[in-house]
Amino acid sequence: MLKTLAKGSTIPVLVVTTAIIVFWYACVVWLNAPFERDQAERAKKEITFSQILPKTMEQKRPVLPAPHQVVREIWKTTVLKNVTSKRSLVYHAWITLSSTLLGFAFGTLLGIALAVGIVHSQTLDKSLMPWIITSQTIPILAIAPMIIVVLNAVGISGLLPKAFISMYLSFFPVAVGMVKGLRSPDIMQLDLMHTYNASKAQLFWKLRWPSSIPFLFTSLKVAIAASLVGAIVGELPTGAISGLGARLLAGSYYGQTIQIWSALFMAAFLAASLVWLVGVIDRRVLKRMGMAQ
Amino acid sequence: MAWLLVSNLSTMKIKSYIPRTIVNLTIPLIFGLTLLFLWEVLTRGLGVPSILLPPPSQIGVRIANSLPILAADFQQTFLKAVLFGYVVGCATGFAIAIVVDRSPFMRKGLMPIGNLVAALPIVGMAPIMVMWFGFDWQSKAAVVIVMTFFPMLVNTVAGLSTAGHMERDLMRTYASNYWQTLFKLRLPAALPFIFNALKINSTLALIGAIVAEFFGTPIVGMGFRISTEVGRMNVDMVWAEIAMAALAGSLFYGLVALIERRLTFWHPSYR
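Basis of the calculations
Residues numbered from 1 in each chain as written. Chains lettered and ligands numbered in written order. Predicted model: local features only at pLDDT ≥ 70, side-chain atom pairs only at ≥ 80, totals over all residues. Heavy atoms only, no water. Helix = DSSP H or I, 4+ residues; strand = E, 2+ residues; numbered from the N terminus. Rg over C-alpha atoms; globule rule 2.2 N^0.38 Å. Contact = heavy atoms within 4.5 Å. Areas by Shrake-Rupley, 256 points an atom, 1.4 Å probe, with all protein chains shown as cover. Lys, Arg positive; Asp, Glu negative; His and termini not counted. Charge placed at Lys NZ, Arg CZ, Asp CG, Glu CD. Domains from an automatic or database assignment. Salt bridge = Lys/Arg side-chain N within 4 Å of Asp/Glu carboxyl O. Buried < 20%, exposed > 50% of the residue type's maximum accessible area, 1.4 Å probe, protein only. Expected span 1.5 Å × (residues − 1). Polar contact = N/O pair within 3.5 Å; in protein donor to acceptor, adjacent residues only side chain to side chain. Buried area = accessible area lost by both parts, 1.4 Å probe. Patch = residues over 30% accessible without salt bridge, like charges linked within 9 Å, V, L, I, M, F, W, Y side chains within 5 Å. pLDDT = per-residue confidence, 0-100. Axes fitted to C-alpha atoms, helices over the stretch in contact; angles between N-to-C directions. Left-handed = near helix turned anticlockwise from the far one by under 90°.

1. Overview of the overall build of chain A
Thought 1: Scanning chain A from terminus to terminus reveals 12 helices and 0 strands.
Thought 2: Each helix and strand of chain A, placed in order from N terminus to C terminus, yields the pattern α-α-α-α-α-α-α-α-α-α-α-α.
Thought 3: A compact globule built from 293 residues should have a C-alpha radius of gyration of about 19 Å, whereas chain A, at 25 Å, is more than 25% larger.
Thought 4: Once the C-alpha set of chain A is aligned to its principal axes, its extents read approximately 90 × 60 × 35 Å.
Thought 5: Long-range contacts, defined here as pairs at least 24 residues apart, represent 72% of the contacts in chain A between residues at least 6 apart.
Thought 6: Of the roughly 15600 Å² of accessible surface on chain A, a fraction of 68% belongs to carbon and sulfur atoms.
Thought 7: Computing the positive centroid from 27 side-chain charges and the negative centroid from 11, chain A places the two 8 Å apart.

This is the structure in structure tokens:
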């Protein structure tokens, strides 16, 4: 037991995490202390460092909230609040999650369709591929608010505009990964299919598609993280009143740092669990297909 | 017709190098021009309101008319926030990666966390950074630094472990010390990974800087211009800004890719 623990990465990860938390607390004291000194000076009181220390941990609007404050806020807004309440973080996370998943599904389908087209038509390969790459150098996230506002102006609102941004971000990794994956069978295997007199459809379903699955899942992991970012940024314009992005914006307007940090942590948790989920499905599928190492 | 031309061009087999590169460049160019043409015809023909989607010619006129504003925004966002943040973020990521690489314990502990953070929505840090570093470009540069740091760290550490055992053993037989092995073998071998991070970061940096400007800026900058002109429904100005952002992003990316080609000419994907 101990030996496997020492060999694996559990202990190093724990040590590094602890180091980060300790560093965080040090930063809390360092960044929040000036405010307390200022307060004491105004009250014409002498204040010692040991008096400052506990106070920096419990400010109402700290420059940097302490980890336990963030954890308490998350606990308060997830477990103790009704799920349907507007102040519940679960509610906001759900709004973000639903547009993420919708955009992710569209993006994956579009990416696969583009990849299939590119692999089968040389014309598409030469004309479309450079533009797919160029499309990603356009900072879509930066113009996301505009897309939302403009789509709102024509009457499309709610989930779809945000899902559109998620789709734009997530189709790219899928398309690039799938082009690579569908081309991964080598000449030997392709020739073998030729000797079987396989049709184009058979070649696709029996050779190209199965051999592209590992590539597909690698890109899906990138794509789902990207669509979450897209959904959050899509919620930034002032029109949005719910979702993690709206929480971030509201927090920054009212100087509620604890609220910002708790929304950030919720987003991080969401991203981690989505990537983890894709990873689990990845392993399951590869095992069923007999490709797991 | 354009489709026919493109499909004819792409099936042509050209032996010599220079005409081939020209053809390879023309095909996407024709495709792009066709798209622009369709866009123009459709928006004018169907009478799409210019608030929704202005025709390209209108955007072009707007770009030509507001060059000084665009130049000021470019200087504020790109030359100050993006470049500074990009250079500092990539350099620190690289330096930390070299340090981490020396200790297997640190590598085991930091890598899973680094991988996790690289997948997180770091743009969300923007309001905090604006609160800490004020409204000017410093806060945007800080967001860019945080955004570019983790991809660089993760990729460099992964790249440093690509040099095979054979090569490392060879360096040992040459009695080379740690630094010689690092500079002569492992860093060159890690270059494809490092450039991968540089390319990812080149687009991330621009996004980070523009998004951070939504949370408060002085009255100049690409993100500021986009958000205010949307509010005033000047959509053609927004598109002009987008066109410039796309151009800057593509050129930045292209420059990094060009340097990569020069430095990693030995890599199988270029031979």
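2. Concerning the domain arrangement of chain B
Thought 1: By domain assignment, chain B separates into domain 1 (2-42) and domain 2 (69-263).
Thought 2: A separation of 33 Å is found between the C-alpha centroids of domain 1 of chain B and domain 2 of chain B.

3. Comments concerning the pattern of salt bridges
All names here are of chain B.
Thought 1: With the rule as written, the count across this model stands at 5 salt bridges over all chains.
Thought 2: Here R186 and D101 are joined by a salt bridge, their closest N and O atoms 2.7 Å apart. Of this pair, R186 sits in helix α9 (residues 178-213) while D101 sits in helix α4 (residues 67-102); the two residues are 85 residues apart in sequence, bridging distant segments of the chain. Pair check on accessibility: R186 and D101 agree, each one buried.
Thought 3: A salt bridge links E260 to K199; its shortest N-O distance comes to 2.8 Å. Here K199 lies in helix α9 and E260 lies in helix α11 (residues 235-263), a separation of 61 residues in the sequence. Side by side, E260 and K199 carry an identical accessibility label, which is buried.

4. A word on helix α12 (residues 257-288) of chain A
Thought 1: For α12 of chain A, with 32 residues, the first-to-last C-alpha span of 47 Å sits near the 46 Å given by 1.5 Å per residue.
Thought 2: Two residues or fewer past α12 of chain A, G290 of chain A is found with a positive phi of approximately 75 degrees.

5. Considering the side chain of R225 of chain B
Residues and elements named next belong to chain B.
Thought 1: Locating R225 in the fold gives a position in helix α10 (residues 222-231).
Thought 2: Only 2.8 Å separates the side chain of R225 from the side chain of D73, close enough to count as a polar contact.
Thought 3: Leave out the neighbours within four places in its chain, and R225 touches I69, D73, I219, V220, M237 and E241.

6. Notes on the domain arrangement of chain A
Residue and element names in this part refer to chain A.
Thought 1: One can read the domain layout of chain A as domain 1 (2-64) and domain 2 (89-288).
Thought 2: For domain 1 versus domain 2, the separation of C-alpha centres amounts to 37 Å.
Thought 3: Where domain 1 abuts domain 2, roughly 490 Å² becomes buried across the two surfaces, and 57% of that area is made up of carbon and sulfur atoms.
Thought 4: Interface area lost by domain 1 to domain 2 is led by W24, R61 and P62, which between them contribute 69%.
Thought 5: At the surface where domain 1 touches domain 2, the tally comes to 0 salt bridges.
Thought 6: Linking domain 1 with domain 2 are 0 residue pairs in polar contact (both at pLDDT 80 or more).

7. Some remarks on the interface of chain B and chain A
Thought 1: Opposite the 47 residues of chain B that make contact, chain A presents 56 residues.
Thought 2: Between chain B and chain A we count 0 salt bridges in total.
Thought 3: For the pair chain B and chain A, the number of links is 0 residue pairs in polar contact (both at pLDDT 80 or more).
Thought 4: Mapped by element, the contributors of at least two residues to the side of chain B that touches chain A are α1 (2-11), α2 (17-45), α5 (104-118), α6 (126-133), α9, α10 and α11 of chain B.
Thought 5: Of all the elements, α11 of chain B adds the most residues to the side of chain B that touches chain A, at 8 residues.

8. Comments concerning unusual backbone geometry
Thought 1: If you check the backbone angles, N197 of chain A has positive phi at about 60 degrees while not being a glycine.
Thought 2: Tracing the backbone shows N197 of chain A in the loop between α9 (187-195) and α10 (200-234).
Thought 3: N197 of chain A gets classed as exposed once you look at its relative accessible area, which sits at 66%.
Thought 4: Even without being glycine, A175 of chain B reaches a positive phi, approximately 60 degrees.
Thought 5: Along the chain, A175 of chain B turns up in the loop between α8 (165-173) and α9.
Thought 6: We classify A175 of chain B as exposed; its relative accessible area is 65%.

9. A look at a nonpolar patch on the surface
Thought 1: A cluster of nonpolar residues, V63 of chain A together with M131, W132 and F133 of chain B, forms a patch on the protein surface that exposes about 320 Å² of accessible area.
Thought 2: Here V63 of chain A lies in the loop between α3 (49-57) and α4 (67-78).
Thought 3: Classification of V63 of chain A as partly exposed rests on a relative accessible area of 33%.

10. Brief notes about the environment of P130 of chain A
Residues and elements named next belong to chain A.
Thought 1: Among the structural elements, P130 can be located in helix α6 (residues 122-137).
Thought 2: When its relative accessible area of 29% is taken as the criterion, P130 is described as partly exposed.
Thought 3: Residues P130 and G107, spaced 23 residues apart in sequence, show a C-alpha to C-alpha distance of 18 Å.

11. Thoughts on the confidence of the model for chain B
Residue and element names in this part refer to chain B.
Thought 1: When pLDDT is averaged across chain B, the result is 80; 90% of the residues are at 70 or more.
Thought 2: Within chain B, α1 has the poorest average pLDDT of any element, 62, and α4 the best, 87.
Thought 3: For this predicted complex, the interface confidence score (ipTM) comes to 0.72, while the overall pTM stands at 0.78.

12. Quick word on the packing of α4 of chain B against helix α7 (residues 137-160) of chain B
Thought 1: Direction vectors running N to C along α4 of chain B and α7 of chain B enclose 35 degrees, while the axes themselves pass 6 Å from each other. The handedness of the crossing between α4 of chain B and α7 of chain B is right-handed.

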